[in-house]
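If you want the building blocks of each chain, they are given just below.
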Amino acid sequence: MPWDRNQMAARAAQELQDGWYVNLGIGIPTLVSNYIPEGVEVTLQSENGMLGMGPFPYEGEEDPDLINAGKQTITELPQTAYFDSAQSFAMIRGGKIAMAILGAMEVAENGDLANWMIPGKLVKGMGGAMDLVAGVGRVVVVMDHTNKHGDSKVLKECTLPLTGQKVVDRIITNLGVMDVVEGGLKIVELADGVSEEEFRASTQATIV
Amino acid sequence: MKKVYGSAAEALDGVLQDGMLIAAGGFGLCGIPELLLEAIKESGVKDLTFASNNAGVDDFGIGILLQTKQVKKMISSYVGENAEFMRQYLSGELELEFNPQGTLAERMRAGGAGIPGFYTKTGVGTVIAEGKDHKDFNGETYIMEEGIFADLAIVKAWKADETGNLVFRKTARNFNAPAATCGKLCVVEVEEIVPTGSLDPDQIHLPGIYVHRIIKGEHEKRIEQRTVRKKEGA
């Protein structure tokens, strides 16, 4: 059985290390905060100007001045600090954030990432994604292995406009985990019940 | 010199001109200068260029100026919440310059700090880098981005004193601080104006040197994505 969204998030949470400052993207990456391993303390950054992001507020306690990068209402924690957008991206660009976990439309075997636009169709913008992938210590992508037509999203080369060039370190999909290495992708782990043949058949990129 | 004005319209009197570049604070609908945007709409000024992370939603924020076709160009990082924006952009009525979010913030900061250009790794190898100066430092490639020098900055803060010292609240600070610094003239709307001397000088987020005009008003502070959790046992 391939992993579902929550299992993918739980697997991505295993990437977290004690003491890290981490940025989680919108979608499945947001769910990662539900699975932070026992004994691991991580501080979540929200690029709109916050370190120490807390859970959603209780009903009636929403504060319009307190949102995350997905514009959702959130809460603060005892260690929370606020700052402006210039400082927020100074810490991202300056390499102070240990890891970003992001969604993607396509990833290539050389670590190229595309997740911000589909020409002529979807024009929303890159938000902070280009800054994150260029600046943070480690980039982990969490996404479905194939699109809704069954085509691989793990490619030899991206077809969509790039968010960053050679920036992805690890890819976690519903079928398993891959690392970007010299010459292609290396399988690190297969989802429970997924065979290597199945994994390879769903992957367009070179597996070494 | 008196910085406190009676209304948004009064504070913008004699300031607005067709074709001007306006830097606006806010992230999504959080911390946007909603009263000043409304006054800009009422003024009828047009062909505006906005440097603003987002473009509001259809009926709030910069979105209200899109409906009246007062905006010629947006410099933004994300415009996914605004159907009217998408319609005008895809039909060629509206120009759009996408900037990575951190590049946009730094362009404002740099403009305010008298820095006309800077190098960044963000966007190297993407469409953002096309036509930009590339330079290697310590074996890594960077691209040059230019500081933003806006004709006007419009900003929302929580509190101001009468000299324009500002305090922001939580994540509503966002682009407001860098936007404020990069405008030739900066107009700020706040929820409360307190007597000079009542703010702790050590707790001021933006000193009044950047602030030229201040108004106080009632803010709607609309929430874009209301997300909550249930109380345990409830």
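Residues numbered from 1 in each chain as written. Chains lettered and ligands numbered in written order. Predicted model: local features only at pLDDT ≥ 70, side-chain atom pairs only at ≥ 80, totals over all residues. Heavy atoms only, no water.

Under an unreviewed UniProt entry, chain B has the name Putative succinyl-CoA:3-ketoacid coenzyme A transferase subunit A and belongs to Pelagimonas phthalicica.

As annotated in an unreviewed UniProt entry, chain A is Putative succinyl-CoA:3-ketoacid coenzyme A transferase subunit B from Pelagimonas phthalicica. According to the UniProt record, the Sequence similarities (unreviewed entry) comment for chain A reads "Belongs to the 3-oxoacid CoA-transferase subunit B family." (UniProt positions renumbered as here; feature names shortened; annotations may be inferred.)

Here we come to the overall build of chain B. In terms of regular secondary structure, chain B is built from six helices and 11 strands. Over its C-alpha atoms chain B spans a radius of gyration of 18 Å, differing by no more than 12% from the 17 Å that the globule rule assigns to 234 residues. Looking at the 234 residues of chain B, the share that counts as buried comes to 55%. Taking as baseline every contact in chain B between residues at least 6 positions apart, the subset at least 24 positions apart corresponds to 72%. Counting every atom, chain B has about 10,000 Å² of accessible surface; 47% of that belongs to carbon and sulfur. For chain B, the separation between the mean place of its 27 positive charges and that of its 33 negative charges on side chains is 4 Å. (Helix = DSSP H or I, 4+ residues; strand = E, 2+ residues; numbered from the N terminus. Rg over C-alpha atoms; globule rule 2.2 N^0.38 Å. Buried < 20%, exposed > 50% of the residue type's maximum accessible area, 1.4 Å probe, protein only. Contact = heavy atoms within 4.5 Å. Areas by Shrake-Rupley, 256 points an atom, 1.4 Å probe, with all protein chains shown as cover. Lys, Arg positive; Asp, Glu negative; His and termini not counted. Charge placed at Lys NZ, Arg CZ, Asp CG, Glu CD.)

A separate point is the overall build of chain A. Secondary structure summary: chain A contains five helices and 14 strands in total. Radius of gyration (C-alpha) of chain A: 17 Å, near the 17 Å computed for a compact globule of 208 residues. C-alpha extents for chain A along the principal axes are approximately 50 × 40 × 30 Å. A total of 208 residues make up chain A; the buried ones form 57% of that total. Restricting to contacts in chain A with at least 6 residues of sequence separation, those with at least 24 account for 61%. With the model as given, the accessible surface of chain A reaches about 8,600 Å², and the carbon-plus-sulfur share is 47%.

Residues and elements named next belong to chain A. By the element assignment, R11 lies in helix α1 (residues 5-13). A polar contact of 2.9 Å, which involves the side chain of R11, links it to the side chain of E15. Not counting the four nearest positions on each side in its chain, R11 is found in contact with W3, R170, I172, V177 and E189. (Polar contact = N/O pair within 3.5 Å; in protein donor to acceptor, adjacent residues only side chain to side chain.)

Time to look at α1 of chain A. Three or four residues apart is the spacing at which side chains of an α-helix point the same way, because the helix has 3.6 residues per turn. Burial in α1 of chain A covers these residues: M8, A9, R11, A12 and A13 of chain A. Regarding α1 of chain A, its N-cap is D4 of chain A, as a side-chain oxygen of that residue lies 3.1 Å from the backbone nitrogen of N6 of chain A further along.

How large an interface is tends to be reported as the accessible area lost when its parts come together. Each side of the interface is counted separately: chain B has 51 residues, and chain A has 44 residues. On the chain B side of the interface with chain A, the three residues burying the most area are K170, T171 and R229 of chain B, jointly 17% of the side's total. On the surface where chain B and chain A come into contact, there are eight salt bridges. Between K231 of chain B and E61 of chain A there is a salt bridge whose closest N-O contact spans 3.7 Å. For the pair chain B and chain A, the interface holds 27 residue pairs in polar contact (both at pLDDT 80 or more). Mapped by element, the contributors of at least two residues to the side of chain B that touches chain A are α4 (83-90), β4 (95-98), α5 (101-112) and α6 (176-181) of chain B. At six residues, the largest contribution of residues to the side of chain B that touches chain A is made by α5 of chain B. Grouping the amino acids of the side of chain B that touches chain A by side-chain chemistry returns 20 nonpolar, 17 polar and 14 charged. (Buried area = accessible area lost by both parts, 1.4 Å probe. Salt bridge = Lys/Arg side-chain N within 4 Å of Asp/Glu carboxyl O. Nonpolar A, V, L, I, M, F, W, Y, C, P; charged D, E, K, R; others polar.)

Moving on, we get to empty space enclosed by the protein. Overall, the coordinates contain four cavities of 30 Å³ or more when judged by the stated rule. The calculated volume of the largest cavity comes to roughly 70 Å³. If you trace the largest cavity, you find 14 residues lining it, with G25, I32, S52, N54 and I62 of chain B closest to the centre. Among the residues forming the lining of the largest cavity, the class breakdown is seven nonpolar, seven polar and no charged. There is about 60 Å³ of room inside the second largest cavity. Taken together, P64 and D65 of chain A together with L29, C30, G31, I32, E34, K156, K221 and R222 of chain B form the lining of the second largest cavity. (1 Å grid on protein atoms, 1.4 Å probe; cavity = no way out; pocket = protein on both sides within 12 Å on 5 of 7 lines; lining within 4 Å. Points joined across faces, edges and corners; volume = space filled by probe spheres on them.)

What follows is about the pairing of strand β5 (residues 117-120) of chain B. Every other side chain in a regular strand lies on the same face of the sheet, so the side chains alternate between the two faces. All names here are of chain B. In β5, alternate side chains face the same way, and those of F118 and T120 are buried while those of G117 and Y119 on the opposite face are not. Alignment of β5 against strand β7 (residues 140-146), held across four bridges, turns out to be antiparallel. When the sheet's bridge partners are listed, G117 is paired in β7 with E146. (Pairing = 2+ DSSP bridges.)

Its place among the elements puts N68 of chain A in the loop between β3 (50-53) and β4 (76-82). Apart from residues lying up to four places away in sequence, N68 of chain A is in contact with S46, N48, M53 and I74 of chain A together with F27 of chain B.

Residues and elements named next belong to chain A. Residues T43 and Q45 of strand β2 (residues 43-46) are buried on one face, and the alternating residues L44 and S46, pointing to the opposite face, are buried as well. Strand direction decides the pairing type here: strand β1 (residues 21-24) and β2, joined by three bridges, are parallel. Among the inter-strand pairings, N23 is bridged to a residue of β2, identified as Q45. Sheet topology places β2 next to β3; two bridges connect them, and they run antiparallel. Residue pairing in the sheet places S46 in a bridge with M50 of β3. The loop that links β2 with its antiparallel partner β3 comprises three residues; one of these, G49, has a positive phi angle of about 125°.

All names here are of chain B. On the basis of which strands lie adjacent, the open sheet formed by three strands has the order β5-β7-β6 and antiparallel pairing. Since the sheet does not close on itself, it has two edges, and those belong to β5 and β6 (134-137), each with one partner. Across this sheet, the average inter-strand angle for adjacent strands is 40°, counted without regard to direction. Its contacts with the sheet put α5 on β5 and β7, and the angle it makes with β5 is roughly 150°. (Axes fitted to C-alpha atoms, helices over the stretch in contact; angles between N-to-C directions.)

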